[in-house]
Amino acid sequence: MKKRILLIYTGGTIGMNKSENGYAPQRGFLQEILEGIPALRNEAMPDWELLELDPLLDSSNTTVVEWNCISGIIKEHYHRFDGFVILHGTDTMAYTASALSFSLENLDKPVILTGSQIPLFEIRNDALANLLTSMLIAAEGRVREVALCFDYKLLRGNRSVKRSTSDLDAFYSPNFPPLAEMGTSISYNHMIPARMHNAPFRVQQLDKIPIGIIKVFPGIQFELFEEIMTESLKGIVLEAFGAGNIPGAADAILPIVRKAYENGTVLVICSQCLKGSVTLGAYETSSALKKAGAVCAFDMTTEAAVAKLYYLFSCGYDAETVKQKMEEDLRGEITVL
Ligand code: ASP
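Residues numbered from 1 in each chain as written. Predicted model: local features only at pLDDT ≥ 70, side-chain atom pairs only at ≥ 80, totals over all residues. Heavy atoms only, no water.

Engineer: Just to check I follow, could you spell out the sheet that holds strand β16 (residues 235–240) for this structure?
Structural biologist: Pairing between the strands of a sheet comes from backbone hydrogen bonds, and it takes one of two forms, parallel or antiparallel. With parallel pairing, four strands are arranged side by side in an open sheet as β15-β16-β17-β18. Where the open sheet ends on each side, the last strands, each with one partner, are β15 (211–215) and β18 (295–296). In the sheet, β15 pairs with β16 via five bridges, with the strands oriented parallel. Paired with Ile211 across the two strands is Gly235, which belongs to β16. The sheet strands contacting helix α7 (residues 302–314) are β15, β16 and β17 (266–271), and the helix crosses β16 at an angle near 165°. The strands that helix α8 (residues 319–326) touches are β17 and β18; relative to β17, the one it contacts most, it runs at about 20°. (Pairing = 2+ DSSP bridges. Helix = DSSP H or I, 4+ residues; strand = E, 2+ residues; numbered from the N terminus. Contact = heavy atoms within 4.5 Å. Axes fitted to C-alpha atoms, helices over the stretch in contact; angles between N-to-C directions.)

Engineer: Is there a simple way to explain the packing of aromatic side chains in this structure?
Structural biologist: Any aromatic ring pair is given by two values, namely how distant the centres are and how the planes are angled relative to each other. Applying the stated criterion across every chain, the model contains eight aromatic pairs. When the ring of Phe29 is compared with that of Phe121, the centres are 6.0 Å apart and the planes differ by 70°; the resulting orientation is edge-to-face. Here Phe29 is found in helix α1 (residues 29–35), whereas its partner Phe121 is found in the loop between β7 (111–114) and α4 (127–140), with 92 residues between them in sequence. Using a relative accessible area of 10% as the deciding quantity, one classes Phe29 as buried. (Phe/Tyr/Trp six-rings, centres within 6.5 Å; stacked < 30°, edge-to-face > 60°. Buried < 20%, exposed > 50% of the residue type's maximum accessible area, 1.4 Å probe, protein only.)

Engineer: Looking at this structure, I do not really get the environment of Ser116. What am I missing?
Structural biologist: When you line up the elements, Ser116 lands in the loop between β7 and α4. Taking relative accessible area as the criterion, Ser116 reaches 1% and is therefore assigned buried. Measuring from C-alpha to C-alpha, the distance between Ser116 and Pro174 comes to 20 Å, with 58 residues separating the pair along the chain. Ser116 has contacts with Thr13, Ile14, Thr90, Asp126, Ala127, Asn130 and Phe150, leaving out every residue within four places of it along the chain. At 2.8 Å, the side chain of Ser116 forms a polar contact with the backbone oxygen of Ile118. (Polar contact = N/O pair within 3.5 Å; in protein donor to acceptor, adjacent residues only side chain to side chain.)

Engineer: Would you take a moment to explain the sheet that holds strand β4 (residues 47–57) for this structure?
Structural biologist: The strand order across the open sheet formed by eight strands is β4-β1-β5-β7-β8-β9-β12-β13, and the pairing between neighbours is mixed. At either end of the open sheet lies a strand with only one pairing partner, and these are β4 and β13 (186–188). On average, adjacent strands in this sheet sit at an angle of 20° to one another, irrespective of strand direction. Sheet topology note: the strand β1 (residues 4–11)/β4 ladder contains seven bridges and is parallel. Looking at the pairing, Leu6 lines up with Glu49 of β4.

Engineer: I keep staring at the site of the ligand and nothing clicks. Help me out?
Structural biologist: As a matter of local geometry, the ligand sits amid Gly12, Thr13, Asp58, Ser59, Gly89, Thr90, Asp91 and Ser116. Here a nitrogen atom of the ligand and a side-chain polar atom of Asp58 are 2.9 Å apart. Here the ligand loses 88% of its free accessible area of 270 Å² to cover by the protein chains. Looking at the shell around the ligand residue by residue, the class counts come to no nonpolar, six polar and two charged. (Near = heavy atom within 4 Å. Areas by Shrake-Rupley, 256 points an atom, 1.4 Å probe, with all protein chains shown as cover. Nonpolar A, V, L, I, M, F, W, Y, C, P; charged D, E, K, R; others polar.)

This is the structure we're talking about:
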């Protein structure tokens, strides 16, 4: 029996057309191009159908609405298809991959995100290889989780980050090895066990949770950010230096940290370094954060931390439970030592 794959086009360069204002997505354009590609009708390819989101977006405009729309489509078609390929813009693909990894609970089928740096309609492009490879991986069914396929590498979705605006090798996974690499054949990483679930698949819809990100820099005037530290702010990701350090007197709790604490805002410490882990309390400059109850993101990416905050608050957990679960590995997003 031929495998069946659902392609979900959300927008993004891969299916864009030329417009007066530069590349832009256009309804029906991708379907037209796909129909003209003989490889997609090859015997070796799975059967496929294409669904387009309405409206099609440049992925910079992605919000929880689009995440819910994608997860809703997957839920609706879960039993009809063997795997799902999401065609997405590269700009926020790592956020979407992270968000889906949390909201698709007990996932037992491949959900592969891909896109490209050059649109499919251009003669020289990276789109066709990314598309064909993603479809074959989704049909093969070895990877039963949310993954990102780009430039002959398959990465865990919630470990991936976009690292280049121009290289075809646009994504990488700084703290976790690729799930698979594609050379003359597709070689899966056998050290990574297949994620299989007995519990029934379900989708957690995500709410528009008020959260923020602050990136620390030399000379940062934290008092300028105090205004945003209101009670309605549920969570904040602080991108600190190195292993979790922020400027400030060793033991003095910064007013914004105190405010977060008093307001019950969950404060998550990520690192500006892509590789390695946060260790709160390793230096004097991070011990105040530890004392103020900040959450350590360990080696989680900022993208995954943001998505996880959306998810945990959408599940209805209180701030204390969110803090606790932020430090737990839920979907392979944190390295447990
Ligand atoms: N701005 C585009 C997007 O993210 C870039 C891309 O697809 O590569 O939708």
